Amino acid sequence: MTAEPVKAAHQWPVPPQDGYTVDDLFTLPGLPPHTELIDGSLVFVSPQRRFHGRMIDVLVTGLRRTLPPELDVEREMTVVLDRRNGPEPDVSVIRMDAVTDMEQTRYEAEDVLLAVEVVSPDSESRDRESKPRKYAAAGIPNFWLVEVAGADRHPVVRVYELDPLSKTYALTGIHHDRLKTGVPFTIDIDITLEALKRPRP
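Below is a summary of the structure that appears in this document. This structure is a prediction, so every number in the text was calculated from the model and none was measured.

Looking at the pattern of salt bridges
When the charged atoms of two side chains with opposite charge come close together, those side chains can pair.
Here comes step 1: Taken as a whole, this structure holds 12 salt bridges when the rule is applied.
Here comes step 2: For R126, the salt bridge is made with D122, and the minimal N-O distance between the two is 4.0 Å.
Here comes step 3: Between R178 and D188 there is a salt bridge; the shortest N-O distance is 2.9 Å. In this pair, R178 is assigned in strand β11 (residues 178-181) and D188 in strand β12 (residues 187-190), connecting sequence segments 10 residues apart.
Here comes step 4: A relative accessible area of 42% places R178 in the partly exposed class.
Here comes step 5: Residues joined in a network through salt bridges with shared partners are E36, E117, D127 and K131.

So, the side chain of E117
Here comes step 1: Relative to the helices and strands, E117 resides in strand β7 (residues 112-118).
Here comes step 2: A polar atom in the side chain of E117 sits 2.6 Å from the side chain of Y135.
Here comes step 3: Ignoring any residue separated from it by four or fewer positions in sequence, one finds E117 in contact with E88, P89, D90, D127, K131, Y135, F143, W144, L145 and V146.

Describing the sheet that holds strand β8 (residues 142-149)
Here comes step 1: An order of β3-β5-β7-β8-β9-β10 is seen for the 6 strands of this open sheet, with the pairing classed as mixed. One side of each edge strand has no neighbouring strand; the edge strands of this open sheet are β3 (71-75) and β10 (168-175). Recorded for the sheet is a direction-independent mean angle of 20 degrees between the axes of neighbouring strands.
Here comes step 2: Looking at chain direction, β7 and β8 are connected through 5 bridges and run parallel. Its bridge partner being in β8, A115 is matched across the sheet by F143.

Remarks on the nonpolar core
Here comes step 1: Counting residues in hydrophobic clusters, the biggest one holds 26 residues, and the most contacted among them are M55, L59, L63, V93 and W144.
Here comes step 2: Of all the elements in the fold, those that place two or more residues in this core are α2 (50-65), β3, β5 (91-95), β7, β8, β9 (154-163) and β12.
Here comes step 3: Excluding its chain neighbours within four sequence positions, the residues that come into contact with L63 are V73, V91, V93, L114, W144, F185, I187 and I189.
Here comes step 4: Grouped together as the second largest cluster of nonpolar side chains are 18 residues, L81, A115, L145 and L162 included.

With respect to the pairing of β11
Here comes step 1: Burial of the side chains of β11 is restricted to one face: L179 and T181 are buried, whereas none of R178 and K180 on the reverse face is.
Here comes step 2: The pairing of β11 with β12 spans 4 bridges and is classified as antiparallel. Paired with K180 across the two strands is D188, which belongs to β12.

Structural notes on α2
Here comes step 1: If you check α2, its first and last C-alpha atoms are 23 Å apart, about what 16 residues at 1.5 Å a residue would give, namely 22 Å.
Here comes step 2: Where burial is concerned, most of α2 is hidden: 12 out of the 16 residues are buried.
Here comes step 3: Residues F51, H52, G53, R54, M55, I56, D57, V58, L59, V60, G62 and L63 constitute the buried set of α2.

Focus: the packing of aromatic side chains
The geometry of an aromatic ring pair is captured by two quantities: the separation of the ring centres and the angle between the planes.
Here comes step 1: For the structure on display, the rule yields 3 aromatic pairs.
Here comes step 2: Each ring, one from F143 and one from Y169, has its centre 5.6 Å from the other, and the planes form 20 degrees; the classification is stacked. Of this pair, F143 sits in strand β8 while Y169 sits in strand β10, placing them 26 residues apart in sequence.
Here comes step 3: Aromatic ring contacts, followed pair by pair, group Y135, F143, Y160 and Y169 into a single cluster.
Here comes step 4: We note R106 situated over the ring of F26; from NZ or CZ to the ring centre the distance is 3.7 Å.

What counts, and where the lines are drawn
- Residues numbered from 1 in each chain as written.
- Predicted model: local features only at pLDDT ≥ 70, side-chain atom pairs only at ≥ 80, totals over all residues.
- Heavy atoms only, no water.
- Salt bridge = Lys/Arg side-chain N within 4 Å of Asp/Glu carboxyl O.
- Helix = DSSP H or I, 4+ residues; strand = E, 2+ residues; numbered from the N terminus.
- Buried < 20%, exposed > 50% of the residue type's maximum accessible area, 1.4 Å probe, protein only.
- Polar contact = N/O pair within 3.5 Å; in protein donor to acceptor, adjacent residues only side chain to side chain.
- Contact = heavy atoms within 4.5 Å.
- Pairing = 2+ DSSP bridges.
- Axes fitted to C-alpha atoms, helices over the stretch in contact; angles between N-to-C directions.
- Core = buried A, V, L, I, M, F, W, Y, C linked by side-chain atoms within 4.5 Å.
- Expected span 1.5 Å × (residues − 1).
- Phe/Tyr/Trp six-rings, centres within 6.5 Å; stacked < 30°, edge-to-face > 60°.
- Lys NZ or Arg CZ within 6 Å of the ring centre and 35° of its normal.

Note that all results are geometric; they support no functional claim without further evidence.
This is the structure:
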């Protein structure tokens, strides 16, 4: 009696020699939701923690309260930086004239005024190092990095603005309880731990 061969649960695509392109990201069948393209490699997202989802909700709701009519807020939408990079910021502020229809799946870097990354354990180096460098090189003028701090694990938002000459981000503020800034528009958001724990409307 011979043993039956073990069948693989899923057959992942074999990457091309020079890596994937943004076109592949949108045409390969069966990719998991929220797959990103970083330097020609597909990056799959691990299950997210409650902090991650709640922080995105708080920021999206807070941004929409003072959003000018010519702008819009998106969560977890691909931003095409170049042919080998299509990350998915947790939150993006985009120009309204870049919105086409309800079937839209991506924005171009020039359409984005703000990219926000909420750091997860599986994406720390990408969120802190790789993605900010790529967002800056693509000319996205504002970047926020959200992390947890302290024994109570409260949110901290680091706010960065682009230096257009060096194409690098400069830190302009670190916010623990309230996120108040005038860039890219007037923003005032309660980011306390209590705000994250409130029931969703």
